[in-house]
Structure formats: structure tokens, C-alpha cells
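# Understanding the architecture of this molecule
Take a look at the letters that make up each chain.
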Amino acid sequence: MAPAAEGSSGATMAATRLELNLMRLLSRCEALAAERRDPEEWRLEKYVAALEDMLRELKKQSSKPAPELLNEYSRKVDFLKGLLEAEKLSSSTEKALANQFLAPGRTPTTAKERTPATKTVHLQTKARCTGQMRSELLGTDPLAADDSEELNIRRRKGLTSDEKQSAVELDAVLQHHQDMQEKLAEEMLSLARSLKNNTLAAQNVIKQDNQTLSHSLRMADQNFEKLKDESDRLEQHAKKSVNWLLWIMLIVVCFIFISMILFIRIFPKLK
């Protein structure tokens, strides 16, 4: 009994130690993701790969955490993996689009965090991509774009009058495109509603036409049956008329024959 108890206790401690190592490495990865890294930085990618291995091992443990906590770990690891894949894209537009589909964690990793670090990293990455897109459109150096909102405000204050005017025009163009997209979406929605109403109206008309056609077919069948009956009666009546005429003709012929015989007997041949 004692060796079995020791084995069970060792497995529990190993699972707990594995979870602690996972949390520590996850916190370290979140801190690295929040920093501005060089393109040749390799540690975060290696750390995320190690996180995936540790997470798979943790799911295999008998004394694994609650399913909600495992889902949260998986969500954060997938977020970091998607963040690395988004950073490998060439254009800032593709990076911004890829970041839109990332889902950060819902709960803090450590007790010191007030908000989830992945959510902060997500906001910083979105701001950085937006700054890079703005820098590309303005023709400035994209590496000079800062990833925090405060530094973006400072950078905007340091622009010249022409660059400020260009930024204002760019904001106006973006706002115009956004308004156009909203207007197109409303028009598409209106067209969809109109198409739905027209479809329902056409369906009702087709339904009424089908009912009218069915009624006409029933009336045609009834008229055909009546016409058939009348034709049979007319045919029988015609047959009866022919029979009476034949009998009348036979009577007339017989009468004429008898009359001829009587005439010959009454008036003999003259000598």
C-alpha cells in the first residue's frame, strides 16, 4: 500500500509542477510578446513550441486541471502561436487582418495581473499594425511607428503641418470608405429584404395560380364526364331512331306488296 500511495503522490506533485512550469513559461512568453522584438528574435517561438509540448503533457496527466482552465491555457497558447504567424506576414494590411481574428485569453495568468496580458498584447499589436499602415500610407518610415497609444499621440504632435494635413485627409478618406461600406451594407440589407418580399409575393401568386389551375382541371374533368354521358345518350337515341325508321320502311314495303296482290286479283288481265 505504501509504494502505491507514494506513486500516486509523486504523480500529483509532477502534474502540479508541470502546471506551475507551464504558467511561468506562459507568463514569460506574454512578457516577451508585449516587448518590441527584433526580427531575428527566436526565443518566443521556441518558448511557444515548448508551451505546446507542456500543454499536451498536462492534458495526459491523470490529475489534470479543470477543463475550463485547460481551455484557457489552450486559448492563450493558440493566441501566441497565431501572433507569431501574423508577424511573419509581409504586408501590414495582412498583419492587421490576421490580428483581427486572434482571440486573447479571458483571465489573467498570474495573480499580479489586473487584466489578461494576452489582451494587452492584442491591443498593442493592433495599435502597432495600425501605426505601420498609417506610416506606409503617409510615406514615412514604418519602423518609426510606436506600438503604444501615448507614443502615437506624441508622434502626431511632432508632425509638420503638411503631414498633419495628410493625416487629416487620410482619416477623412478612411471615414468616407467606412461610411460607404456602411451605406453599401444597408443597401444590400434593403435589397435582401426587397428580394425576400418579392419572393414571398411571387410564391403567393404561384400558389394562387396553382389553385386556379387545379380548379380548372377539376372543372374540365367534370365537363368531360358530362360530355361523355351526353354522347352515350345521343348515340343510343340515334340507334333507336334508326330502328324505328327501318320498321316503318318494312311496313310500307309490305303494305305496297299486299296492295299490288290485291290489285291484281281484283282487276284481272283483260282478254
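Residues numbered from 1 in each chain as written. Predicted model: local features only at pLDDT ≥ 70, side-chain atom pairs only at ≥ 80, totals over all residues. Heavy atoms only, no water.

### Looking at the packing of helix H2 (residues 43-60) against helix H3 (residues 67-87)
Test applied: An axis is simply a line fitted to the C-alpha atoms; with a helix, the fit covers only the stretch in contact. Between two such axes, the angle follows the N-to-C directions and lies from 0 to 180 degrees. Counting from the N terminus, the helices are the DSSP runs of H or I reaching at least four residues and the strands are the DSSP runs of E reaching at least two. Roughly parallel here means an angle under 35 degrees, roughly antiparallel means over 145, roughly perpendicular means 65 to 115, and every remaining angle is called oblique. Each crossing is labelled by how the near helix is turned from the far one, with a counterclockwise turn of less than a right angle marking it left-handed and a clockwise turn marking it right-handed. Whether two residues touch is decided by their heavy atoms; if any such pair falls within 4.5 Å, the residues are in contact.
Packing of H2 against H3 brings their axes to within 10 Å, and their N-to-C directions diverge by 155 degrees. One finds that H2 runs roughly antiparallel with respect to H3. Where H2 crosses over H3, the handedness of that crossing is left-handed. Only Leu-70, Tyr-73, Ser-74, Val-77, Leu-80, Lys-81 and Leu-84 of H3 make contact with H2, whose side of the interface consists of Leu-44, Glu-45, Val-48, Leu-51, Glu-52, Leu-55, Leu-58 and Lys-59.

### Focus on the nonpolar core
Operational definition: Working definition of a nonpolar core: buried Ala, Val, Leu, Ile, Met, Phe, Trp, Tyr and Cys residues. They are joined through side-chain atoms within 4.5 Å. Relative accessibility thresholds used throughout: buried, under 20% of the residue-type maximum; exposed, over 50%; partly exposed, between the two (1.4 Å probe, protein chains only).
Formed by 22 residues in total, the largest nonpolar core has its most connected members in Leu-22, Leu-44, Leu-51, Tyr-73 and Leu-80. For this core, the elements supplying multiple residues, two or more each, are helix H1 (2-34), H2 and H3. For Leu-22, the contacting residues outside a window of four places in its chain are Leu-51, Met-54, Leu-55, Leu-58 and Tyr-73.

### Brief notes about helix H4 (residues 92-100)
For clarity, the threshold we go by: Starting at the helix axis, one direction is taken to each C-beta atom, and the arc is that of these directions.
Within the sequence span of H4, burial applies to Ser-92, Lys-95, Ala-96 and Asn-99. Relative to the axis of H4, the buried residues are bounded by an arc of 100 degrees and lie together on one face. Facing away from the buried side of H4, by more than 90 degrees, are the exposed residues Leu-97 and Gln-100.

### Remarks on the side chain of Thr-118
Looking at the element boundaries, Thr-118 is found in helix H5 (residues 117-138). Beyond its immediate chain neighbours, meaning those up to four positions away, Thr-118 contacts Glu-30, Lys-76, Phe-79, Pro-104 and Gly-105.

### Focus on the confidence of the model for the chain
Where we set the bar: Residue-level confidence of the predictor is summarised by pLDDT, bounded by 0 at the bottom and 100 at the top.
Residues of the chain with pLDDT of at least 70 account for 78%, and the chain-wide mean is 76. A low-confidence stretch, residues 1-15 (pLDDT under 50), is modelled with six contacts involving residues beyond four sequence positions or located in other chains. In the model, residues 144-150 has pLDDT below 50 throughout and makes 14 contacts with residues more than four positions away in sequence or in other chains.

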